[in-house]
Amino acid sequence: MSQFDARNLSLVMDLYEMTMANGYMSGNSPETYVCFDVFYRHNPDNGGFAIFAGLEQVLDYLENIHFAEDDISYLRSLGIFPESFLERLAHFRFSGDIDAFPEGSVMYPNEPILTVHAPLLDAQMVETAVLNQINHQSLIATKAQRIVHAARGRGVADFGARRAHNMDAAVYGARAAYIGGVASTATVLAGKMFGIPVTGTMAHSWVMYHKDEYTAFRRYAETYPDCAVLLVDTYNVIHSGIPNAIRVAKEVLEPMGKRLKGVRIDSGDLAYLSKRTRAMLDEAGLTDCTISASNSLDEYTISSLIDQGGCIDSFGVGERLITARSEPVFGAVYKLVSVEENGKCEPRIKISETVEKITNPGRKRVYRVYNQENHAISDLMTLYDETVDTSAPYRYVNPAKPWRSRSYEGFSVRELQQPVMRNGKRTGPAPSLKEIRDFVARQLRDEIWEEEQRFENPHLHKLVMSPAYYETKMDLLYRHSEEYTNRHGSRG
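Per chain, residues are indexed from 1 in the order of the written sequence. The model is predicted, so local features are restricted to residues of pLDDT at least 70 and side-chain atom pairs to those at 80 or more, both for listing and for counting; the totals for chains, interfaces and linings are taken over all residues. Side-chain numbers here rest on the full set of heavy atoms in the structure, without hydrogens or water.

What is the right way to look at the sheet that holds strand β14 (residues 364-370) in this model?
In sheet architecture, strand pairing relies on hydrogen bonds along the backbone and comes in two forms, parallel and antiparallel. By the convention used here, strands pair only if DSSP detects at least 2 bridges between them. For helices the rule is a DSSP run of H or I covering at least 4 residues; for strands it is a run of E covering at least 2, with both sets numbered from the N terminus onward. Spatial strand order, β18-β14-β15-β21: four strands in an open sheet with mixed pairing. Whereas interior strands pair on both sides, the edge strands pair on one side only; in this sheet they are β18 (412-415) and β21 (462-465). Going from strand to strand, the sheet's axes swing by 30° on average, the running direction of each strand aside. Pairing of strand β15 (residues 376-383) with β21, which is carried by four bridges, proceeds in the parallel orientation. In the sheet register, D379 faces β21, and the bridge partner there is L463. What counts as an axis is a line fitted to C-alpha atoms, over the stretch in contact for a helix, and the angles between N-to-C directions run from 0 to 180 degrees.

I tried to follow the packing of helix α6 (residues 127-151) against helix α13 (residues 299-307) on my own but got confused; where do I start?
Axis angle and axis distance: for two packed helices, these are the angle between their axes and the distance between the axes, and together they describe the pair. Relative to each other, α6 and α13 sit at 5°, their axes nearing to 8 Å. With respect to α13, the axis of α6 lies roughly parallel. Residue-level inspection shows K143, R146, I147, A150 and A151 of α6 in contact with α13, the latter providing E299, Y300, I302, S303 and I306. The nonpolar class holds Ala, Val, Leu, Ile, Met, Phe, Trp, Tyr, Cys and Pro. Asp, Glu, Lys and Arg form the charged class, and all remaining residues, Gly among them, are polar. Across the contact of α6 with α13, the residue classes tally to six nonpolar, one polar and three charged. Any angle that is under 35 degrees is reported as roughly parallel, and any over 145 degrees as roughly antiparallel; angles of 65 to 115 degrees are reported as roughly perpendicular and all others as oblique. Any two residues having at least one pair of non-hydrogen atoms within 4.5 Å are treated as being in contact.

Help me understand the nonpolar core, please; the structure alone is not making it clear to me.
Across soluble globular proteins, nonpolar side chains have a tendency to be buried as a group. Core analysis: the largest hydrophobic core is formed by 123 residues, its most contacted members being I98, L114, L260 and F315. No other element matches the 11 residues that α6 contributes to this core. Setting aside residues up to four positions removed in sequence, F315 forms contacts with A151, R154, G155, V156, A157, A293, L297, I302, L305 and I306. The criterion is simple. A nonpolar core is a set of buried Ala, Val, Leu, Ile, Met, Phe, Trp, Tyr and Cys residues joined through side-chain atoms within 4.5 Å. Between buried and exposed lies partly exposed: a residue is buried under 20% and exposed over 50% of the maximum accessible area for its type, with that area taken using a 1.4 Å probe on protein chains only.

So what exactly am I meant to see when it comes to the sheet that holds strand β11 (residues 314-317) here?
With parallel pairing, the six strands of this open sheet are ordered in space as β7-β6-β11-β10-β9-β8. Each having just a single partner strand, β7 (184-185) and β8 (229-231) make up the two edges of the open sheet.

Below you can see the structure in the form of structure tokens.
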């Protein structure tokens with residue numbers, strides 16, 4: 001049974017999606033095919049890229065969306081929908097097509113990461129749910145990747161559930177964090193649902209409950225001799241916690257033929273305390289005992305701790321990961337880009353006084369362009385029916401500098417959008433979560449420039465256009481500008 005079937009989320013939508021759908025139906029246009037693109041405008045934290053996550057939950061929603069009797073009764077109680085529309089909803093199933101980047105793709109602003117090609121009624125009603133899943137999980141996956149990058153090969157665990165905005169945010173945030181490279185989670189339900197390795201140490205309350213710290217450590221080690229990680233900062237790390245941990249290692253674990261696996265520090269000056277702790281453990285012969293740290297960490301504090309020479313083997317990251325505290329809004333949007341007229345997809349464009357809000361119109365294809373060393377050098381947007389000839393120099397237009405003549409030579413391309421749903425059904429099985437996670441790591445290791453991965457002033461990855469696509473967009477802009485001027489006159 002799908003996780004979706006445990007509760008019907010079909011009404012996770014804005015009311016205007018329903019009112020628009022009813023309006024289209026009354027205007028005899030609900031079966032007209034349209035395309036909507038999902039894209040975003042800025043990378044979180046002024047980074048060089050983002051990580052696409054949440055696709056599996058989008059497809060789950062679309063395959064299972066339906067309106068139960070109590071949903072119909074509630075909509076009827078609003079008094080704004082005719083019975084003919086409610087009857088249509090009672091038999092509704094999503095029947096459209098979805099093309100999308102593979103989940104885990106490195107992505108950049110203003111390119112269509114997911115396209116809905118569906119009857120107008122279908123496409124209009126799924127907007128909020130699609131954006132909800134992509135915005136949340138892409139945000140957390142991107143933040144997680146930044147934190148993992150900052151850790152420079154040291155382990156990172158998700159400790160964020162208790163600070164998440166609700167239970168769903170904790171569970172699906174853990175999924176997204178794993179996609180972004182986090183090695184494990186403390187959230188047990190996420191481990192059960194998604195197969196993420198679960199991890200945990202001990203609580204301060206365990207130490208405080210017992211009559212003294214040594215007794216707490218001893219009883220914990222006796223209970224979990226194969227995986228004893230002791231929380232050493234309840235009272236005093238240097239003068240109490242570490243001496244008692246060493247004593248337990250010598251008096252309790254070693255006679256059992258076991259080793260103390262690790263200690264965790266959850267407060268104080270983590271760089272200083274970890275260096276003192278490492279020296280004390282090494283002097284006691286516990287060179288294999290690891291040190292983990294937690295306490296309001298993010299990519300910047302982790303980078304600072306490592307730069308200070310902190311002797312930390314792994315990090316537990318909570319609130320600043322699971323809430324993406326530094327920039328908690330991803331900002332993906334859902335915009336109409338084409339309408340089918342007489343069997344042909346006619347482009348639509350949104351024009352704004354804010355240039356960045358002008359949309360890229362029409363159904364299109366997006367390619368990642370690689371040099372001969374297989375490094376990604378830009379992304380290329382073309383008309384849907386164009387082909388990219390890689391055997392000869394290929395001219396492109398950079399919309400930020402359209403007057404410059406530029407060409408690719410000795411290059412290859414990979415089409416980014418792939419068919420993932422046809423007629424409301426998935427085209428194939430989803431990759432495992434580990435496969436998605438490995439895909440992220442492989443792109444960052446083999447394809448994406450290190451300069452794009454730095455936190456400060458990252459290199460900006462270009463999104464360029466084929467000349468034909470650029471001309472199509474400019475023609476639409478000029479046409480609408482002329483129409484506006486003819487109706488309203490020029491304001492100078």
